[in-house]
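One-letter residues, chain by chain:
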Amino acid sequence: ASDGARVLLIEKDTEVGIPEICGGLVSSSGLEMIGSGFESAVRARVKFGKVFVGDEGFEFGFDQELIVLNRELFDKLMARMAVKAGSDVELGSYAIYSRKNGVNTIYIRGKKLTAKYVINATGVSGYPLKEEVVRATQTVYAVKENYYEEIAVYINKDIMRRLFAWYIPYGDGMAKIGAVGPPDQSLRIIEKVADLAGIRGRPIKVFSSGIVVGGPYTGANDESYVQIGDAGGQAKPTTGGGIIFGALGGIYAGSL
């Protein structure tokens, strides 16, 4: 949009950034790569962490600072940047895409639009390799005692064959604790993580979503259509994290 293109951002939810299903942990260098203006979305800064393998744990440090983002606010700031650059935004709209005779067609609320370029950023739901999506559950955890200001990772392949459980400080006595699996299974693991970290408290929000671990998907990409972010598998297979990769994918797609 800042280069003069007419841009329409179509968001299926009625509010940008909702629902927030992301841990929001990024590296400081990664955040710098995608731009500035996000300071108000920073919830915590992390320099150390703990890894628990079974019941054994050890502490480690990072060679750079990690940043915990308020993902809802971060998304809203990104949307504000898009609007300031000249983009239009359509909320609460499902987009149905098709292409015939080389013409990109999008249907929104009964309206038929055509576009020279289409960028598909529909998240996990748009990733075609469904067998490479791992379900995970995350909680917003209200800490009563022993709030831990660093991150923690819990690995137990007998319980979680893929990935791990995690603890991310969220400021104001809250944390995000999550684990691979559906809620009935993951909540027991989440309580285990809190116990290992010496934390006392209770979850005040529980949500479940998919994590892409299958790697990049480029099968549908061509000169006028591209899938980015989770829809394009632009997430780290080791952690499922994709904020920086998705943002960079959007930057590169917009510059074509």
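Preceding this paragraph is the structure being described.
Reference entry: report on the structure contained in this document. On a predicted model such as this, the values are computed, not experimentally measured, just so you know.

### Observations regarding the overall build of the chain
Looking only at helices and strands, the chain features four helices and 15 strands. Across the 256 residues of the chain, 40% fall into the buried class. Counted over contacts in the chain with a minimum sequence separation of 6, partners at least 24 positions apart contribute 69%. Just so you have it, the chain exposes about 14000 Å², and 53% of that area is on carbon and sulfur atoms. Computed over 29 positive and 29 negative side-chain charges, the separation of the two mean positions in the chain equals 6 Å.

### Let's talk about helix H2 (residues 71–85)
Spanning 15 residues, H2 covers 21 Å between terminal C-alpha atoms, matching the ideal 21 Å at 1.5 Å per step. Two or three places before Glu72, at the opening of H2, Asn70 has a side-chain oxygen 3.2 Å from that residue's backbone nitrogen. At the exit of H2 stands Gly86, carrying a positive phi of roughly 120°.

### Description of the packing of aromatic side chains
In the structure shown here, the tally under the stated rule is five aromatic pairs. Seen in terms of ring centroids, Phe60 and Phe62 are 5.2 Å apart; in terms of plane orientation they differ by 85°. Their pairing is edge-to-face. By relative accessible area, Phe60 is classed as partly exposed at 23%. Take Phe62: its relative accessible area is 28%, and that puts it in the partly exposed class.

### Considerations on the sheet that holds strand E14 (residues 200–212)
In spatial order, the strands read E2-E4-E3-E11-E12-E13-E10-E14; together these eight strands make up an open sheet with mixed pairing. Looking along the sheet, the strands with just one partner apiece sit at the ends: strand E2 (25–27) and E14. The sheet shows a mean angle of 30° between the axes of neighbouring strands, taken without regard to direction. Note that E2 and strand E4 (residues 56–69) share three bridges and pair antiparallel. Residue pairing in the sheet places Val26 in a bridge with Ile67 of E4. The strands touched by helix H3 (residues 183–196) are strand E3 (42–53), strand E10 (133–145), strand E11 (151–155), strand E12 (165–171), strand E13 (174–180) and E14; relative to E13, the strand with the most contacts, the crossing angle is about 130°.

Quick notes on the rules
- Residues numbered from 1 in each chain as written.
- Predicted model: local features only at pLDDT ≥ 70, side-chain atom pairs only at ≥ 80, totals over all residues.
- Heavy atoms only, no water.
- Helix = DSSP H or I, 4+ residues; strand = E, 2+ residues; numbered from the N terminus.
- Buried < 20%, exposed > 50% of the residue type's maximum accessible area, 1.4 Å probe, protein only.
- Contact = heavy atoms within 4.5 Å.
- Areas by Shrake-Rupley, 256 points an atom, 1.4 Å probe, with all protein chains shown as cover.
- Lys, Arg positive; Asp, Glu negative; His and termini not counted.
- Charge placed at Lys NZ, Arg CZ, Asp CG, Glu CD.
- Expected span 1.5 Å × (residues − 1).
- Polar contact = N/O pair within 3.5 Å; in protein donor to acceptor, adjacent residues only side chain to side chain.
- Phe/Tyr/Trp six-rings, centres within 6.5 Å; stacked < 30°, edge-to-face > 60°.
- Pairing = 2+ DSSP bridges.
- Axes fitted to C-alpha atoms, helices over the stretch in contact; angles between N-to-C directions.

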